[in-house]
Amino acid sequence: MKRVNVMNKHTTIDKSTGEKKCSCFKRCGGCQLDKVYAQQIEWKQAKADRMLSRFCRPQQIITMDDPYNYRNKVQTVYKVNSSKRIVSGVYQSSTHSMIITDDCFLEDIRAQQIVATLKELMVDFRILPYNEESGQGLLKHTLIRTSQTTGEVMLVLVTATPIFPAKKNFVKAITEKHPYITTIVQNVNKGRVPLTLGDRDIIMYGKGYITDEMCGCKFRISPHSFYQVNPEQTEKLYSKAVSCAELKKGDKVIDAYCGTGTIGLIAAKSGADVAGVELNAEAVKDAVSNAKLNKLDNIRFYNEDAGEFMTKLAQAGESCDTVFLDPPRAGTTEEFVEALGKLRPEKIVYVSCKIETLERDLKLLAKIGYKAQLIQPVDMFPHTTGIENVVLLKRKMISLTPNRTPDKKGDKKIEPKGKTSHR
Ligand SMILES: C[S@@+](CC[C@H](N)C(=O)[O-])C[C@H]1O[C@@H](n2cnc3c(N)ncnc32)[C@H](O)[C@@H]1O
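Definitions and cut-offs
Residues numbered from 1 in each chain as written. Predicted model: local features only at pLDDT ≥ 70, side-chain atom pairs only at ≥ 80, totals over all residues. Heavy atoms only, no water. Core = buried A, V, L, I, M, F, W, Y, C linked by side-chain atoms within 4.5 Å. Buried < 20%, exposed > 50% of the residue type's maximum accessible area, 1.4 Å probe, protein only. Contact = heavy atoms within 4.5 Å. pLDDT = per-residue confidence, 0-100. Near = heavy atom within 4 Å. Polar contact = N/O pair within 3.5 Å; in protein donor to acceptor, adjacent residues only side chain to side chain. Areas by Shrake-Rupley, 256 points an atom, 1.4 Å probe, with all protein chains shown as cover. Nonpolar A, V, L, I, M, F, W, Y, C, P; charged D, E, K, R; others polar. Disulfide = S-S within 2.5 Å. UniProt positions renumbered as here; feature names shortened; annotations may be inferred. Helix = DSSP H or I, 4+ residues; strand = E, 2+ residues; numbered from the N terminus. Axes fitted to C-alpha atoms, helices over the stretch in contact; angles between N-to-C directions. Left-handed = near helix turned anticlockwise from the far one by under 90°. Phe/Tyr/Trp six-rings, centres within 6.5 Å; stacked < 30°, edge-to-face > 60°. Lys NZ or Arg CZ within 6 Å of the ring centre and 35° of its normal.

## Section: the nonpolar core
Next up, step 1: Within the largest apolar cluster, 88 residues are counted, with the highest numbers of intra-cluster contacts made by Met310, Phe324, Phe336, Leu365 and Leu393.
Next up, step 2: Setting aside residues up to four positions removed in sequence, Phe324 forms contacts with Ala241, Val242, Ala245, Leu247, Val253, Ile254, Asp255, Ala256, Ile263, Ala267 and Val349.

Structure, rendered in structure tokens:
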């Protein structure tokens, strides 16, 4: 292996528009929109309007001021090239084929600086990138997570075996060069699937996690936790989600698909009584620590399937005022919606990262009597086709006897007809 660090630059500035252009576009698959940012926004707004207007007219999409280098989670793969130099890059979408690049314009700059140093240190410490075909080599990939608010940075070295040569000296060398690295974790992944993490973490330096601050709360992020990748836009998204619910002290709230508890913790700050439910046990551990970190004792977490959890609540005759749900791209399930129909919360706030599944689920929610009152698209992933949406839905009031006094708060009132929403 040669020690020369050759930088593979692919980002240029388009002279006619002044915006960044990447020569890896199409080959890489990380970006899908090769247009100037204003045109990307037009394209996304038109898609949101086309797909969601029948439920409620979407608001103007919330854009980013500087739509570059926003990714706080950077995964990098390495190999030895034909000139015996270590090169780094990303896997082409859905393949094991590597695109060599050092300056992806979506990634955090500090992460790119660390990767450049890592390639030099791999030569000095004789660490070979793992070769999938031969099964030889140590380093499978690196995962770097950064916080813009606290400045903390975590480096995760994903290795094929637990042995790491000259560990202490390696840590010393990389932290001297990048003092902003606050923790280093070795993750041992013996499996063959690339870009996944194994079960075993060995803390080499620091606490083994980083802390980020958002919407006035602190969040602990471990190597395995889900955390939104665009912090600037996440702050806008979650602020909108929680503020549109207009929570009151003592409201009973469910945060379904809660991850590390982000939305639920922001909701708990308003005094609501929150239950978070999440399938990933590691994320639940982080959520519990996050509640302690924020000194909130009006929130608890359940490590369960969200649909099963809701069904059990409905069967036990429980009730709640507001349900937040932020499911994965596949959207929610019929079981979840059926349980919602029985729990009958007054408000539902749906945070969606895939507009196609959101459209499908809004139809299901309409069938059980929920009408969208507000749809707020947010551009969480500039240069990709993804559109995040916050949707506030309210239960339609059912009138059995027109002049009857409502039995309980907000129940059985006449719903005004012919209402339209405006942007
Ligand atoms: C889009 S993320 C939202 C996470 C959270 N709101 C946050 O920002 O950290 C979706 C979450 O749903 C979880 N999940 C996936 N399937 C689930 C299920 N069936 N029941 C509960 N949680 C699930 C995932 O582990 C992931 O944490």
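## Remarks on the confidence of the model for the protein chain
Next up, step 1: The pLDDT averaged across the protein chain works out to 90; a share of 92% of its residues lies at or above 70.
Next up, step 2: Predicted confidence for residues 403-423 stays below pLDDT 50, and this span has 29 contacts to residues more than four positions away or in other chains.

## Describing the site of the ligand
Next up, step 1: The full set close to the ligand counts 16 residues, and Tyr238, Glu278, Asp305, Ala306 and Asp326 are the nearest of them.
Next up, step 2: Separating a nitrogen atom of the ligand from a side-chain N or O atom of Asp305 is a distance of 2.9 Å.
Next up, step 3: Between the ligand and Asp326, the relevant distance is 2.8 Å, taken from a nitrogen atom to a side-chain nitrogen or oxygen of the residue.
Next up, step 4: For the ligand, whose accessible area on its own is 600 Å², the fraction buried by protein is 86%.
Next up, step 5: A class-by-class count of the residues in the shell around the ligand yields 8 nonpolar, 4 polar and 4 charged.

## Some details on the state of the cysteines
Next up, step 1: Counting across every chain of the model gives 0 disulfides.
Next up, step 2: Among the cysteines around Cys104, which has no disulfide bond, Cys31 carries the closest sulfur, lying 6.1 Å off.
Next up, step 3: Here Cys258 is not disulfide-linked; the sulfur of Cys217 is the nearest cysteine sulfur, at 14 Å.

## What about the UniProt feature "binding site: S-adenosyl-L-methionine" (unreviewed entry) in the protein chain?
Next up, step 1: Residues given the UniProt feature "binding site: S-adenosyl-L-methionine" (unreviewed entry) here are Gln228, Tyr257, Glu278 and Asp326.
Next up, step 2: With sequence-adjacent residues up to four places away left out, Gln228 is seen in contact with Asn72, Thr234, Tyr238, Asp326, Met380, Phe381 and Glu388.
Next up, step 3: Along the polypeptide, Tyr257 turns up in the loop between strand S12 (252-256) and helix H5 (262-268).
Next up, step 4: Here Tyr257 is in contact with Val277, Glu278, Ala306, Leu325, Asp326, Pro327, Pro328, Thr332, Thr333 and Phe336, once residues within four sequence places are set aside.

## What to know about the packing of helix H2 (residues 109-124) against helix H3 (residues 167-177)
Next up, step 1: It is the contact of H2 with H3, at a shortest axis distance of 10 Å, that shows an interaxial angle of 145 degrees. Where H2 crosses over H3, the two elements pack in a sense that is right-handed. Across the interface between the two elements, Ile114, Thr117, Leu118, Glu120 and Leu121 from H2 touch Phe170, Ala173, Ile174 and Lys177 from H3.
Next up, step 2: When its residues are assigned to classes, the contact of H2 with H3 shows 6 nonpolar, 1 polar and 2 charged.

## Some thoughts on the packing of aromatic side chains
Next up, step 1: Scanning the entire structure with this criterion turns up 6 aromatic pairs.
Next up, step 2: When the ring of Tyr68 is compared with that of Phe105, the centres are 5.1 Å apart and the planes differ by 85 degrees; the resulting orientation is edge-to-face. Here Tyr68, found in the loop between helix H1 (37-52) and strand S3 (73-80), pairs with Phe105, found in the loop between strand S5 (98-100) and H2; they are 37 residues apart in sequence, far enough to count as distant. Assigned by exposure class, Tyr68 and Phe105 land together as buried.
Next up, step 3: Measuring from centroid to centroid gives 5.6 Å for Tyr257 and Phe336, while their planes differ by 35 degrees, and the two rings are tilted. A residue pair is termed long-range when its members are at least 10 positions apart, and Tyr257 in the loop between S12 and H5 and Phe336 in helix H8 (residues 334-343) qualify at 79 residues. The pair formed by Tyr257 and Phe336 is uniform in burial state, with each residue classed as buried.
Next up, step 4: When the ring centre of Tyr68 is taken as reference, the NZ or CZ atom of Lys20 above it lies at 4.8 Å.
Next up, step 5: Between Arg110 and the ring centre of Tyr180, over which it is positioned, the NZ or CZ distance is 5.8 Å.

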